[in-house]
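A closer look at the structure
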Amino acid sequence: MDFVESNQHFRGRGKNKRSWTAEEDAVLIESLQQVATEPKYKQGNTWKNGYLLRAEELMNIRLPSCGLRANPHIDSRWKTMKTKYNAIAEMLNKSGFAWDDSRKMVQCEKSVFEEWCQNMNTHLGTMASVWSRAEEREQDIIEKSNNVLSELLLIDNLSSAEALQAADILTAEPNKLRVFYQAPPNLRRQYITSLLYG
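What counts as what
Residues numbered from 1 in each chain as written. Predicted model: local features only at pLDDT ≥ 70, side-chain atom pairs only at ≥ 80, totals over all residues. Heavy atoms only, no water. Phe/Tyr/Trp six-rings, centres within 6.5 Å; stacked < 30°, edge-to-face > 60°. Helix = DSSP H or I, 4+ residues; strand = E, 2+ residues; numbered from the N terminus. Buried < 20%, exposed > 50% of the residue type's maximum accessible area, 1.4 Å probe, protein only. Lys NZ or Arg CZ within 6 Å of the ring centre and 35° of its normal. 1 Å grid on protein atoms, 1.4 Å probe; cavity = no way out; pocket = protein on both sides within 12 Å on 5 of 7 lines; lining within 4 Å. Points joined across faces, edges and corners; volume = space filled by probe spheres on them. Nonpolar A, V, L, I, M, F, W, Y, C, P; charged D, E, K, R; others polar.

**A short note on the packing of aromatic side chains**
- A complete count under the given rule lists five aromatic pairs for this structure.
- With 6.2 Å between their ring centres and 90° between their planes, Trp47 and Trp78 make a pair best called edge-to-face. With Trp47 in strand β2 (residues 46-47) and Trp78 in helix α3 (residues 70-92), this residue pair connects regions lying 31 residues apart in the sequence.
- Residues Phe180 and Tyr181 carry aromatic rings whose centres are separated by 5.4 Å and whose planes lie at 80° to one another, so their mutual orientation is edge-to-face.
- Classification of Tyr181 as buried rests on a relative accessible area of 19%.
- Pairwise contacts between aromatic rings join Trp47, Tyr51 and Trp78 into one cluster.
- One cation-aromatic arrangement involves Lys42 over Trp47; the distance from NZ or CZ to the ring centre is 4.7 Å.

Structure (structure tokens):
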């Protein structure tokens, strides 16, 4: 029996899981480091629009057949890395935690870790509320992303190729997707033209 790989992507939390290799992680970090040096994509500590698309371009140069897209793959992995980094940084700022450079891990006594976990539990109620609101916003973006091509095809004098290119841009950058949906129908063509042709 022949193996056939599917390029089908499903949207939504947990529907587009992907296991990253160590090489892909390393190339992602190198790509983001390069993007961070480009003033067009980062100013101070603030990333600018399009930085994930630029990271995707750089990754595809180094790993042409990886199939990683800015959204959802790179965006999701970058969020995961930041979350883990922040948790480790928080631990290392507390008394009793230390970094073991030879084993590349945080070390502490069991009692110190349990106390840290206990303190984390006090914040879970607030975090659950924030996550709930974030999931609602994410679901809204997913629904809009799923419908954007249909909306684009309704715009007069917009070719199918332009609609596909615009859909790719809009689904990769949620802020642009929001602007598109908030724009009155008579301004959508102008907005899409400015996205495609500057």
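Next comes the rest of the description.
**Things to note about the layout of surface pockets**
- Its volume calculated, the second largest pocket comes out at about 370 Å³.
- Lining the second largest pocket are 15 residues, and of these Ile29, Trp78, Met81, Lys82 and Tyr85 sit closest to its centre.
- Mapped onto the lining of the second largest pocket, the elements with two or more residues apiece are α1 (22-36) and α3.
- Top contributing element to the lining of the second largest pocket by residue count: α3, with nine residues.
- Counted by class, the lining of the second largest pocket contains eight nonpolar, three polar and four charged residues.

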